[in-house]
Structures are given as structure tokens and as C-alpha cells.
Amino acid sequence: MKKRILEIEARLSTIKGEAAKDDANIDALTKEAGDLQEERKGLLEQAEKRQKLLDSISEGGAGQVIRNFGDGPEARKYSAESPEYGAGLAAVLCCRNGGHYFAGEMPVCRVGDRLADCQ
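Please read these numbers as outputs of a predicted model, since none were measured by experiment.

### Here's the deal with the nonpolar core
Part 1: One finds Ile5, Ile8, Leu12, Ile15, Leu29, Ala33, Leu36 and Leu43 forming the largest nonpolar core, which totals eight residues.
Part 2: Looking at this core, the elements that each hand over two or more residues are helix 1 (2-19) and helix 2 (26-58).
Part 3: Once you skip the residues sitting within four places of it in the chain, Leu36 turns out to touch Arg4, Ile8, Arg11, Leu12 and Ile15.

This is how it looks when you write it as C-alpha cells:
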């Protein structure tokens, strides 16, 4: 659609140059220019409707955005104090000790538990 609008504008510019000549067929140029202007108007209206639809979807009018992912992955640092680190370490230790118990008689370690919760 954008390509067609650019083609129409280029042709209208050419028609403007041709109309300035003394031997120009003004009636034919007027008809062609009018047809092109009508087509351009229709394309612009269609683009405006499309944009309104997209805006209403993004604003929640015709749909709801469930999750916005932003610009890129979240930069996060994991340390020994983070819950993910503790859960990962507990899972590794549980797997090394038979998968069910942490150090023999202790309670079952579940994925998601912090290391301190398994002791």
C-alpha cells in the first residue's frame, strides 16, 4: 500500500510538469489526476482504519495484552543469596544423594526449596 501511494504521488508530480506544457491534453491529465487523487484518498483512509484497529488492540479495546516482553532479555545477576541459586544447588545435592533425601535422614528436598529449607 505504501508503495502504491508513492507511485501515485510520483505520477501526480509528473502530471503537474506535463500540465505546464503548451501542448498538454488538459482534459486527460485532469481526469487522470482526479482518479489518482481518489485512489490515494482511499488508500490513506484504509491505512488510517488499520492504524486505529491496531491502536485499539494495543490499548485493550479489541483485545488484551497479556504480557509485554520489552526491549530484550532481563539482565539479572545470580548470587548465592538468590532463590534460584539455592534451589539449583539443593536440586543438584538431592540428585547426588539418591534424588529423594538430603544427607540421609533429612526431609525430602523439592525443586524450588532454598538450601536452608532442606536442612
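### Notes on the packing of helix 1 against helix 2
Part 1: At a closest axis distance of 10 Å, the pairing of helix 1 and helix 2 adopts a crossing angle of 155°. With respect to helix 2, the element helix 1 is oriented roughly antiparallel. Regarding helix 1 and helix 2, the two cross each other, and that crossing is left-handed. Judged by residue contacts, Arg4, Ile5, Ile8, Glu9, Arg11, Leu12, Ile15, Glu18 and Ala19 of helix 1 engage Ile26, Leu29, Glu32, Ala33, Leu36, Gln37, Glu39, Arg40, Leu43 and Leu44 from helix 2.
Part 2: For the contact of helix 1 with helix 2, the residue count by class is 11 nonpolar, one polar and seven charged.

### Here's the deal with the pattern of salt bridges
Part 1: Tallied over the full model, the rule gives six salt bridges.
Part 2: Residue Arg11 is joined to Glu18 by a salt bridge in which the shortest nitrogen-to-oxygen separation is 3.3 Å.
Part 3: Residue classification places Arg11 among the partly exposed residues on the basis of a relative accessible area of 25%.
Part 4: With its nearest N and O atoms 3.1 Å apart, the salt bridge here joins Asp35 to Lys31. Here Lys31 and Asp35 lie together in helix 2, a separation of four residues that amounts to about one turn.
Part 5: On the basis of relative accessibility, which here comes to 56%, the residue Lys31 falls in the exposed class.
Part 6: One connected set of salt bridges, linked through shared partners, spans Arg4, Glu7 and Glu39.

### Digging into the confidence of the model for the protein chain
Low-confidence regions, as indicated by low pLDDT, have predicted coordinates that should not be scrutinised in detail.
Part 1: Mean pLDDT for the protein chain: 75, with 61% of residues reaching 70 or above.
Part 2: With pLDDT under 50 throughout, residues 101-107 is counted as low confidence; its partners more than four residues away or in other chains account for 16 contacts.

### What to know about a nonpolar patch on the surface
Part 1: The grouping of Leu53, Leu54 and Ile57 at the surface amounts to a nonpolar patch, some 260 Å² of accessible area in total.
Part 2: Take Leu54: it is sitting in helix 2.
Part 3: For Leu54, a relative accessible area of 46% puts it in the partly exposed group.

Conventions and cut-offs
- Residues numbered from 1 in each chain as written.
- Predicted model: local features only at pLDDT ≥ 70, side-chain atom pairs only at ≥ 80, totals over all residues.
- Heavy atoms only, no water.
- Core = buried A, V, L, I, M, F, W, Y, C linked by side-chain atoms within 4.5 Å.
- Buried < 20%, exposed > 50% of the residue type's maximum accessible area, 1.4 Å probe, protein only.
- Helix = DSSP H or I, 4+ residues; strand = E, 2+ residues; numbered from the N terminus.
- Contact = heavy atoms within 4.5 Å.
- Axes fitted to C-alpha atoms, helices over the stretch in contact; angles between N-to-C directions.
- Parallel < 35°, antiparallel > 145°, perpendicular 65-115°, else oblique.
- Left-handed = near helix turned anticlockwise from the far one by under 90°.
- Nonpolar A, V, L, I, M, F, W, Y, C, P; charged D, E, K, R; others polar.
- Salt bridge = Lys/Arg side-chain N within 4 Å of Asp/Glu carboxyl O.
- pLDDT = per-residue confidence, 0-100.
- Patch = residues over 30% accessible without salt bridge, like charges linked within 9 Å, V, L, I, M, F, W, Y side chains within 5 Å.
- Areas by Shrake-Rupley, 256 points an atom, 1.4 Å probe, with all protein chains shown as cover.

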